Amino acid sequence: MKRKKIVAGNWKMNKKLLEAMRLSTEVIRAAGKLANGSVEVVLAPPAVYLHTTISMGKRVPQIKVAAQNCHHEASGAYTGEIAAPMLQSMEIDYVIIGHSERRKYFHEDHALLQQKVNTALAAGLSIIFCCGEPLDVREKEEQEQYVLQQLQESLFHLSADQWSKVVIAYEPVWAIGTGKTASPAQAQAMHAFIRQAVAKQYESKLADQLSILYGGSVKPSNATEIFANTDVDGGLIGGAALDTDSFMAIVKAIL
Ligand code: PEP
């Protein structure tokens, strides 16, 4: 089976309603012109726009919608939070779990992320699980050990069957929103390492089918060389996903 190519746009906490609707409309229209099955174009708007986005994208099979976060419990007295079963009931496809901004600003640790992974998968969602090392770890050349621990502590308890709903995004923290991108060789090395680690823990067939996305200052000018690597199956895009032309240029770079 060929691995799924995925380009996901994480809008983070950006865009007012009309701006969000305009961006969704434009991306959905452009994605609808791509050959069906060639790439999954994932939109991850702020939660308040999920319903609008899913309604707008419903008829375009190339479009999938992701939430940027979910709570670790399936329901309960957690004012202001969003539960995975709610997302599933809206027909949301993915939830992003473990983004470095949530790890840093909301102190989400391995154990909490493991709970989120479990709750999301139990609700029937697919997950985009983010991992990646900070700069000081990269400078000490300890990035493989660091990323392996992230996988071991939040994902490696899953059964082999559950992995059909898992996508990994490797996002070196030092490259997110900084304009610095991992070199194509650095990205390929880490993606190959992640795939080998999954193969070792499970089996190579499962690892071969796992889509691993790169994230960290991907732009139209560097997307082609990053996506050209054997183990890079797409991207998780932040800043460049806020503009239709730059996002679609990145999407087209993987075709
Ligand atoms: C991200 O937040 O996942 C990301 C990769 O951001 P940026 O593309 O802006 O670096």
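Note that this is a predicted model, so its numbers are computed, not measured. (Residues numbered from 1 in each chain as written. Predicted model: local features only at pLDDT ≥ 70, side-chain atom pairs only at ≥ 80, totals over all residues. Heavy atoms only, no water.)

*Asks:* Tell me about the packing of helix 7 (residues 143–154) against helix 8 (residues 184–201), and please be specific about residues and values.
*Replies:* At their nearest, the axes of helix 7 and helix 8 sit 11 Å apart, and the two run at 45° to each other. Looking at the two axes, helix 7 sits oblique to helix 8. Like other packed secondary-structure pairs, helix 7 and helix 8 cross with a definite hand, here right-handed. Residues Gln143, Glu144, Val147, Leu148 and Leu151 of helix 7 touch helix 8, and the partners they reach there are Met190, Phe193, Ile194 and Ala197. Among the residues making up the contact of helix 7 with helix 8, the classes are represented as seven nonpolar, one polar and one charged. (Axes fitted to C-alpha atoms, helices over the stretch in contact; angles between N-to-C directions. Helix = DSSP H or I, 4+ residues; strand = E, 2+ residues; numbered from the N terminus. Parallel < 35°, antiparallel > 145°, perpendicular 65-115°, else oblique. Left-handed = near helix turned anticlockwise from the far one by under 90°. Contact = heavy atoms within 4.5 Å. Nonpolar A, V, L, I, M, F, W, Y, C, P; charged D, E, K, R; others polar.)

*Asks:* Quick rundown of the side chain of Asn222? Include the residues and the values.
*Replies:* By secondary structure assignment, the location of Asn222 is in helix 10 (residues 220–227). Looking at Asn222, the relative accessible area reads 7%, which means it is buried. A distance of 3.1 Å separates the side chain of Asn222 from the side chain of Thr181, its partner in a polar contact. Setting aside residues no more than four positions away along its own chain, Asn222 makes contact with Thr181 and Ser217. (Buried < 20%, exposed > 50% of the residue type's maximum accessible area, 1.4 Å probe, protein only. Polar contact = N/O pair within 3.5 Å; in protein donor to acceptor, adjacent residues only side chain to side chain.)

*Asks:* Any details on the packing of helix 1 (residues 17–32) against helix 2 (residues 50–57)? Residues and values, ideally.
*Replies:* At a minimum axis separation of 10 Å, helix 1 and helix 2 run at an interaxial angle of 25°. In terms of orientation, helix 1 and helix 2 fall into the roughly parallel class. As helix 1 runs across helix 2, the sense of the crossing is right-handed. For the pair helix 1 and helix 2, contact is made by Met21, Ser24, Thr25 and Ile28 and by Thr52, Thr53, Met56 and Gly57, respectively. Its residues assigned to classes, the contact of helix 1 with helix 2 comprises three nonpolar, five polar and no charged.

*Asks:* Summarise the environment of Val60; cite the residues concerned and give the values.
*Replies:* Summarising the element assignment, Val60 is placed in the loop between helix 2 and strand 3 (63–67). C-alpha separation for the pair Val60 and Asn36, spaced 24 residues apart in sequence, amounts to 9.0 Å.

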